[in-house]
Amino acid sequence: MKTFDVPIIYRSPLISAIKKKRKSEDRMKKDFSPTLLDFGPLRIYLARHFGFCYGVENAIDIAFKTVEENEGRKIYLLSEMIHNPQVNADLKAHGVTFLQDTGGKQIIPFEALTADDIVLIPAFGTTLEIERKLKGIGIQTEKYDTTCPFVEKVWNRSEVIAKNDYTIVIHGKPKHEETRATFSHAAANAPSIVVKDMAQTVELAKYILGEKPVGDFYEEFRGQYSEGFDVNRHLERIGVVNQTTMLASDTQAIADYLKEVMIRKYSLTEENVRNHFADTRDTLCYATNDNQSAVTGMLDVNADLAIVVGGYNSSNTSHLVELCEEKLPTYFINNEERLVSKETIQHYNFHTHQELTTEGYLPPKEPLTVLITSGASCPDALVEGVIKKLAGFYPASKSIDDLISQF
Ligand code: SF4
């Protein structure tokens with residue numbers, strides 16, 4: 001894979017050394033066991049894969065180069081570059097202005113832009129409507145478009161599904177930037193609808209099976225279907241794509257469920273199911289698959305708790321939290337400052353969207369075993385900060401330098 005120029009402040013000498021060693025020993029990425037950092041009284045297991053992915057490094061590289069090469073020009077970002085508060089704050093500190101918030105609410109009107117300005121398109125991509133608006137102003141976006149190729153792959157897959165006359169069902173978070181972009185691209189080619197989870201998919205199936213009045217659909221799925229969507233005609237042939245960062249098992253369950261519904265409705269067999277259900281694989285990206293598989297591998301360790309580091313609005317990070325939560329106490333934090341002391345942690349509950357404070361999060365035992373991973377938009381430096389802070393709570397711990405020498 002291509003390598004990128006990412007500011008050194010986001011790197012971690014310890015984690016770079018570990019990743020380099022693990023990569024050299026496992027080039028085919030078959031080993032999902034975690035890496036043990038044995039501090040003595042504290043044992044940390046780091047997931048095999050975590051941290052900046054291809055799309056994030058590409059976006060950061062382009063964004064910082066754009067800042068460096070365009071002194072004096074106004075540089076805007078359509079919305080958050082990636083879902084990491086530190087990276088977004090650093091870009092703002094370098095003079096980059098955000099045009100929209102993460103939910104698509106306008107902060108600066110497009111009318112304030114001129115053809116001379118630069119607008120960076122984030123890794124999630126953007127909608128065709130916004131692309132047209134920027135072109136209308138005379139802004140050339142191609143050079144500053146950081147859309148991840150794995151997101152474009154989803155758009156291409158939707159195009160193929162559309163060409164074969166299927167309606168596109170997008171499994172994703174309806175308000176997420178990437179899903180809004182994918183919906184816009186899909187809807188340009190075929191009727192499209194977003195389902196956010198299995199519960200919503202089950203409701204959609206009731207319209208397919210004629211179990212709910214057609215008129216209810218338009219209220220129930222408001223804002224999630226394309227213009228002119230006709231429930232009677234547009235649910236006869238469907239194909240599923242998904243936001244690249246969903247939970248693999250959820251996406252699989254939704255596709256399997258919809259396939260079964262079509263088989264039931266049209267009395268199909270495996271041989272002719274394609275008449276009503278497109279034969280496609282999920283569109284999760286490699287980083288989502290690797291990071292989720294690495295968490296599954298890490299969870300084989302008998303541990304006391306897990307810490308997941310990342311931005312609180314990061315979709316891929318929240319799914320890593322979800323996987324850990326099934327097995328053991330899990331704390332979702334965005335940097336080491338959330339480890340207030342050996343007794344107190346401030347963390348995020350992404351189900352209720354609340355920041356919580358928990359006492360006694362580190363059970364009083366030695367050695368204590370902690371699992372750590374991070375999302376695809378989280379700098380390794382933040383994970384190293386968390387490791388150092390935790391180790392600092394155990395005065396008899398080995399030093400980080402001692403550990404680096406092992407790798
Ligand atoms: S998480 Fe996947 S799709 Fe998103 S930016 Fe990273 S590589 Fe691209």
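See above for the structure.
Below you will find a few notes about this structure. The structure displayed is predicted, hence computed values, not measured ones. Sequence order as written defines the numbering, with residues in each chain counted from 1. Given that the model is predicted, a residue must reach a pLDDT of at least 70 before its local features are reported, and side-chain atom pairs must reach 80 or more before they are shown or counted; all residues, however, enter totals for whole chains, interfaces and linings. In computing side-chain values, all of the structure's heavy atoms are included and hydrogens and water are not.

The next thing to look at is the packing of aromatic side chains. In this description, an aromatic ring pair is defined by two values, namely the gap between the centres and the angle between the planes. Here a Phe, Tyr or Trp ring, Trp counted by its six-membered ring, pairs with any other such ring whose centre lies within 6.5 Å, and the pair is stacked when the planes are under 30 degrees apart, edge-to-face when over 60, and tilted otherwise. Using the criterion set out here, one finds 17 aromatic pairs in the structure. With centroids separated by 5.1 Å and ring planes inclined at 85°, the aromatic side chains of Phe-4 and Tyr-54 adopt a geometry described as edge-to-face. Linking Phe-4 in the segment before helix H1 (13–25) with Tyr-54 in helix H2 (residues 54–69), this pair joins segments that are 50 residues apart in sequence. In this structure, Phe-4 and Tyr-54 share a single accessibility class: buried. With a centroid separation of 5.1 Å and 85° between ring planes, the pair formed by Phe-217 and Tyr-218 is classed as edge-to-face. By relative accessible area, Phe-217 is classed as buried at 0%. When its relative accessible area of 26% is taken as the criterion, Tyr-218 is described as partly exposed. Every member of this aromatic cluster is reached through a ring pair, and the members are Tyr-207, Phe-217, Tyr-218, Phe-221, Tyr-225 and Phe-229. We call a charge positioned over a ring when the NZ of a Lys or the CZ of an Arg lies within 6 Å of the ring centre and within 35 degrees of the ring normal. Directly above the aromatic system of Phe-98 lies the positively charged group of Lys-92, at a separation of 4.9 Å from the ring centroid. Positioned above the aromatic ring of Tyr-394, the side-chain terminus of Lys-342 is 4.3 Å from the ring centre. Strands here mean DSSP runs of E at least two residues long; helices mean DSSP runs of H or I at least four residues long; both are numbered from the N terminus. The classification of residues rests on relative accessible area computed with a 1.4 Å probe and restricted to protein chains. Under 20% of the type maximum is buried, over 50% is exposed, and intermediate values are partly exposed.

It is worth spelling out the pairing of strand S1 (residues 35–38) at this point. Side chains of S1 alternate between two faces, with Thr-35 and Leu-37 buried and Leu-36 and Asp-38 left unburied. In this sheet, strand S2 (residues 42–46) lies alongside S1 in antiparallel orientation, the contact comprising four bridges. In the sheet register, Thr-35 faces S2, and the bridge partner there is Leu-46. Counted along the chain from S1 to the antiparallel partner S2, the turn is three residues long, and its residue Gly-40 has a positive phi close to 100°. Note: two strands are recorded as paired if DSSP finds a minimum of 2 bridges between them.

Attention now moves to the packing of H1 against helix H13 (residues 380–392). Note on definitions: angles span 0 to 180 degrees between N-to-C directions of axes, and those axes are lines fitted to C-alpha atoms, for helices only across the stretch in contact. Between H1 and H13, whose axes approach to 8 Å, the crossing angle comes to 110°. Between H1 and H13, the angle falls in the class roughly perpendicular. Of the residues in H13, those in contact with Pro-13, Leu-14, Ile-15 and Lys-19 of H1 are Asp-380, Val-383, Glu-384 and Ile-387. Partitioned by chemical class, the residues of the contact of H1 with H13 number five nonpolar, no polar and three charged. Between 65 and 115 degrees an angle is taken as roughly perpendicular, under 35 as roughly parallel, over 145 as roughly antiparallel, and anywhere else as oblique. Contacts are residue-level and defined by heavy atoms, with any inter-residue pair within 4.5 Å sufficient. Three residue categories are used. Nonpolar comprises Ala, Val, Leu, Ile, Met, Phe, Trp, Tyr, Cys and Pro, charged comprises Asp, Glu, Lys and Arg, and polar comprises the others, including Gly.

Moving on: the site of the ligand. Proximity is defined per residue: if any heavy atom of the residue lies within 4 Å of a molecule or strand, that residue is considered near it. Close contacts around the ligand come from Cys-53, Gly-55, Cys-148, Phe-150, Val-151, Thr-244, Thr-245, Cys-285 and Tyr-286, and that covers them all. When its residues are assigned to classes, the shell around the ligand shows six nonpolar, three polar and no charged.

Treat this as a map of the structure, not an account of what it does.
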